[in-house]
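What follows is the residue order along each chain.
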Amino acid sequence: MSQITVKRKGWWGSIPENLLTDLRLGHAAVRLGAWLAMRPDGWQVRKQHARRVLGLGEALWDKACSELKAVGYLSLVTLRTGGRFSGQNYIFDPVPPES
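Residues numbered from 1 in each chain as written. Predicted model: local features only at pLDDT ≥ 70, side-chain atom pairs only at ≥ 80, totals over all residues. Heavy atoms only, no water.

S.K.: I keep staring at the pairing of strand β2 (residues 84-92) and nothing clicks. Help me out?
M.R.: A regular strand places its side chains so that they alternate between the two faces of the sheet. Bridge count between strand β1 (residues 74-81) and β2: eight bridges; the pairing is antiparallel. Counted as the bridge partner of Arg80 is Phe85 from β2. With antiparallel pairing between neighbouring strands as the criterion, β1 and β2 make up a hairpin whose turn holds two residues, including Gly82 at a positive phi of roughly 60 degrees. (Pairing = 2+ DSSP bridges. Helix = DSSP H or I, 4+ residues; strand = E, 2+ residues; numbered from the N terminus.)

Next comes the structure, spelled out in C-alpha cells:
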C-alpha cells in the first residue's frame with residue numbers, strides 16, 4: 001500500500017496530534033481522549049454514556065482515565081455547595097501542560 005485516501009462523510013472533528021502521538025497513553029486512553037477532544041467547549045457527558053458509545057468496560061474505562069490523569073489531559077475538580085463537599089467532576093483538556 002503506497003497511499004491512503006480519506007473520504008469524509010457525515011460528522012467529523014479535529015484531534016490534536018499530540019493526543020494521538022503521546023506514547024504514554026494506551027489505545028483506550030487515546031480513543032477516549034480523541035472522542036472527548038472532538039466535543040465542543042463546555043460539553044458534558046456522563047460516564048455511562050461515554051462507555052456505551054466507545055464500547056469500554058469498567059476496567060478499561062478506569063485504566064484509560066488513569067492514564068489521561070497521569071499525563072495531565074484529565075483533572076479532578078472537587079465540587080462544594082455552601083462550603084460542603086458535594087461531589088467531583090473531571091475536566092478534559094486536549095492540550096495538557098508541558099511535562
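Here the narrative resumes.
S.K.: Please clarify how the environment of Ala34 should be interpreted in this entry.
M.R.: Its location among the elements puts Ala34 in helix α2 (residues 27-37). On the basis of relative accessibility, which here comes to 9%, the residue Ala34 falls in the buried class. Taking the C-alpha atoms as reference, Ala34 lies 9.3 Å from Gly13; in sequence the two are 21 residues apart. Not counting the four nearest positions on each side in its chain, Ala34 is found in contact with Ile15 and Leu19. (Buried < 20%, exposed > 50% of the residue type's maximum accessible area, 1.4 Å probe, protein only. Contact = heavy atoms within 4.5 Å.)

S.K.: Sorry, what's going on with the nonpolar core here?
M.R.: What tends to happen in soluble globular proteins is that the nonpolar side chains get buried as a cluster. Within the largest apolar cluster, 20 residues are counted, with the highest numbers of intra-cluster contacts made by Leu19, Leu25, Leu32, Trp35, Trp61, Leu68 and Tyr73. Looking at this core, the elements that each hand over two or more residues are α2, α3 (47-54) and α4 (58-71). Considering each element in turn, this core owes the most residues, eight residues, to α2. (Core = buried A, V, L, I, M, F, W, Y, C linked by side-chain atoms within 4.5 Å.)

Honestly, it's all geometry; don't read function into it.
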